[in-house]
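Reading the structure
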Amino acid sequence: GIQVEQSPPDLILQEGANSTLRCNFSDSVNNLQWFHQNPWGQLINLFYIPSGTKQNGRLSATTVATERYSLLYISSSQTTDSGVYFCAVMRPGSGNTGKLIFGQGTTLQVKP
Amino acid sequence: DAGVTQSPTHLIKTRGQHVTLRCSPISGHKSVSWYQQVLGQGPQFIFQYYEKEERGRGNFPDRFSARQFPNYSSELNVNALLLGDSALYLCASSSTTVSGAFFGQGTRLTVV
């Protein structure tokens, strides 16, 4: 099956700093999503980005499907950005409704 | 529009008991998937249902079962609970026309 690797596993930042989280995947995918898991456990959709670049406020993401990686950029980090960030992919043929394969996550702590 | 709703939010059960978790998808979404997340790991796929049929099953024992109802809501059942079943159980809904999966807040199950 597809392997999804995220790096770094842990990241500590001062408020206001920028960061880049990486997601590598081992095979072709037709769906890639970034999630933020809040302290209560809910997975919050950040981006649906099987290819290309998207931006939403201080967050942006880029997926280079041909090279099998995706990057999540967080600029001017805030304490509320703390939590676990997951990358999840879906294999081709699954449409929009198939099985998501998650990485192990990056735990981000933003200090005031 | 209401998001994905799960009930209950927390549950404590004794080893050997049975549990039923419930999920209501986003209106218009016909696919529901279930995931198990143990502490420190990414969510693991358990089941996917689409149009009331099982479309995928993860590597979980037969003690785990699920079904989807005509209104597209879903139940996850776990029999003969083990201590190792303690986890956050997440439900996701998705649509063939809207990209990406959307998660509920999860049910935190503790088996004692």
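Residues numbered from 1 in each chain as written. Chains lettered and ligands numbered in written order. Predicted model: local features only at pLDDT ≥ 70, side-chain atom pairs only at ≥ 80, totals over all residues. Heavy atoms only, no water.

Let's shift gears to the interface of chain B and chain A. You'll often see interface size given as the accessible area lost when the parts meet. Contacts between chain B and chain A engage 26 residues on the former and 18 residues on the latter. When the two sides are added together, the surface that chain B and chain A hide from each other amounts to roughly 1,600 Å², 52% of it contributed by carbon and sulfur. The three residues of chain B that bury the most area against chain A are B:Pro43, B:Ser99 and B:Phe103, which together make up 25% of that side's buried surface. One can count five residue pairs in polar contact (both at pLDDT 80 or more) joining chain B with chain A. Looking at the side of chain B that touches chain A residue by residue, the class counts come to ten nonpolar, 15 polar and one charged. (Contact = heavy atoms within 4.5 Å. Buried area = accessible area lost by both parts, 1.4 Å probe. Polar contact = N/O pair within 3.5 Å; in protein donor to acceptor, adjacent residues only side chain to side chain. Nonpolar A, V, L, I, M, F, W, Y, C, P; charged D, E, K, R; others polar.)

Another aspect to go through is the packing of aromatic side chains. Enumeration over the complete set of coordinates arrives at nine aromatic pairs over all chains. Each ring, one from A:Phe86 and one from A:Phe102, has its centre 6.0 Å from the other, and the planes form 85°; the classification is edge-to-face. You can see A:Phe86 sitting in strand E9 (residues 83-90) and its partner A:Phe102 sitting in strand E10 (residues 101-102), a full 16 residues away along the chain. The same class applies to A:Phe86 and to A:Phe102, which are both buried. Between the aromatic rings of B:Tyr35 and B:Phe45, the centroid separation amounts to 5.7 Å while the plane-to-plane angle is 70°, which identifies the pairing as edge-to-face. Of this pair, B:Tyr35 sits in strand E4 (residues 31-37) while B:Phe45 sits in strand E5 (residues 44-50); the two residues are ten residues apart in sequence, bridging distant segments of the chain. Residue classification places B:Phe45 among the buried residues on the basis of a relative accessible area of 7%. In this structure, A:Arg22 is placed above the aromatic ring of A:Tyr69, and the distance from its NZ or CZ to the ring centre is 4.2 Å. (Phe/Tyr/Trp six-rings, centres within 6.5 Å; stacked < 30°, edge-to-face > 60°. Helix = DSSP H or I, 4+ residues; strand = E, 2+ residues; numbered from the N terminus. Buried < 20%, exposed > 50% of the residue type's maximum accessible area, 1.4 Å probe, protein only. Lys NZ or Arg CZ within 6 Å of the ring centre and 35° of its normal.)

Residues and elements named next belong to chain A. A complete count under the given rule lists two disulfides over all chains for this structure. A disulfide bridge connects Cys-23 with Cys-87, and the sulfur atoms are separated by 2.0 Å. Here Cys-23 and Cys-87 share a disulfide; its torsion about the S-S bond, -55°, makes the bridge left-handed. With Cys-23 in strand E3 (residues 19-25) and Cys-87 in strand E9, this pair connects stretches of sequence that are 64 residues apart. Like Cys-23, the residue Cys-87 is buried in the burial classification. (Disulfide = S-S within 2.5 Å.)

Bringing the sheet that holds strand E3 (residues 19-24) of chain B into the picture now. The strands making up a sheet are joined through hydrogen bonds of the backbone, oriented either antiparallel or parallel. All names here are of chain B. On the basis of which strands lie adjacent, the open sheet formed by four strands has the order E1-E3-E8-E7 and antiparallel pairing. Looking at which strands have only one partner, the edges of the open sheet turn out to be strand E1 (5-7) and strand E7 (64-68). Strand-to-strand twist in this sheet, taken as the mean axis angle between neighbours without regard to direction, amounts to 15°. Two elements, E3 and strand E8 (residues 74-78), share five bridges in a ladder whose sense is antiparallel. Bridging across to E8, Thr-20 finds its partner in Asn-77. (Pairing = 2+ DSSP bridges. Axes fitted to C-alpha atoms, helices over the stretch in contact; angles between N-to-C directions.)

All names here are of chain A. Overall, antiparallel pairing links the five strands, which are arranged E1-E3-E8-E7-E6 in an open sheet. Single-partner strands in this sheet number two, and they are strand E1 (4-7) and strand E6 (52-56). Averaged over all pairs of adjacent strands, the angle between strand axes in this sheet comes to 15°, irrespective of strand direction. In this sheet, strand E8 (residues 69-74) lies alongside strand E7 (residues 59-64) in antiparallel orientation, the contact comprising six bridges. Looking at the pairing, Ser-60 lines up with Tyr-73 of E8.

Residue and element names in this part refer to chain B. Applying the stated criterion to the full structure yields seven salt bridges over all chains. A salt bridge links Lys-30 to Glu-51, with the shortest nitrogen-to-oxygen separation between them at 3.3 Å. A residue pair is termed long-range when its members are at least 10 positions apart, and Lys-30 in the loop between E3 and E4 and Glu-51 in the loop between E5 and strand E6 (53-57) qualify at 21 residues. A salt bridge links Arg-63 to Asp-85, with the nearest nitrogen and oxygen atoms 2.8 Å apart. Of this pair, Arg-63 sits in the loop between E6 and E7 while Asp-85 sits in the loop between E8 and strand E9 (87-94), and the two are 22 residues apart along the sequence. (Salt bridge = Lys/Arg side-chain N within 4 Å of Asp/Glu carboxyl O.)

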